[in-house]
Amino acid sequence: MNNKNPFGRKKEVAPLESAFKDLLKAYRLEDKFQEKSVVQSWPEIVGKTIADRTSSVFIKDKKLL
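Residues numbered from 1 in each chain as written. Predicted model: local features only at pLDDT ≥ 70, side-chain atom pairs only at ≥ 80, totals over all residues. Heavy atoms only, no water.

A. Quick look at the overall build of the protein. For the protein, the count of helices and strands is four helices and two strands. Along its sequence from the N terminus, the protein presents helices and strands in the succession α-α-α-α-β-β. When each of the 65 residues of the protein is scored for burial, the buried share is 6%. Of the roughly 6,500 Å² of accessible surface on the protein, a fraction of 56% belongs to carbon and sulfur atoms. (Helix = DSSP H or I, 4+ residues; strand = E, 2+ residues; numbered from the N terminus. Buried < 20%, exposed > 50% of the residue type's maximum accessible area, 1.4 Å probe, protein only. Areas by Shrake-Rupley, 256 points an atom, 1.4 Å probe, with all protein chains shown as cover.)

In structure tokens, the structure reads:
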């Protein structure tokens, strides 16, 4: 019997955070995920006053606009 995993998946148990990071890396989504995290966290980063006065926040060419 062949014990090799045909799907290339790891059989050992991994913490969720580690598995999620591996998944982002495998699909080359690390940068996009970090960009979305910054935009989503904008009110926490700059505070309520500035966030309320900001009409839109987005990232273009790795620059926050």
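B. Main features of unusual backbone geometry. Positioned with a positive phi, Arg-28 is a non-glycine residue whose angle comes to about 55°. Along the polypeptide, Arg-28 turns up in the loop between helix H1 (16–26) and helix H2 (30–40). Despite not being glycine, Asp-61 has its phi angle at roughly 50°, a positive value. Position of Asp-61 relative to the elements: it lies in the loop between strand S1 (59–60) and strand S2 (63–64). Accessibility expressed as a relative area gives 66% for Asp-61, which makes it exposed.

C. The environment of Ala-51, seen in detail. With respect to the helices, strands and loops of the structure, Ala-51 is situated in helix H4 (residues 48–53). Exposure remark for Ala-51: the relative accessible area of 14% places this residue in the buried category.

D. Inspection of a nonpolar patch on the surface at higher detail. There is a patch of nonpolar side chains on the surface, built from Phe-20, Leu-23, Tyr-27, Leu-29 and Phe-33 and spanning about 500 Å² of accessible area. Counting through the fold element by element, Tyr-27 comes out in the loop between H1 and H2. Taking relative accessible area as the criterion, Tyr-27 reaches 58% and is therefore assigned exposed. (Patch = residues over 30% accessible without salt bridge, like charges linked within 9 Å, V, L, I, M, F, W, Y side chains within 5 Å. Salt bridge = Lys/Arg side-chain N within 4 Å of Asp/Glu carboxyl O.)

E. Just the pattern of salt bridges, in detail. In the structure shown here, the tally under the stated rule is four salt bridges. Notably, a salt bridge pairs Lys-21 with Glu-17, separated by 3.3 Å at the nearest N-O pair. Of this pair, Lys-21 and Glu-17 both sit in helix H1, separated by four residues, roughly a single helical turn.

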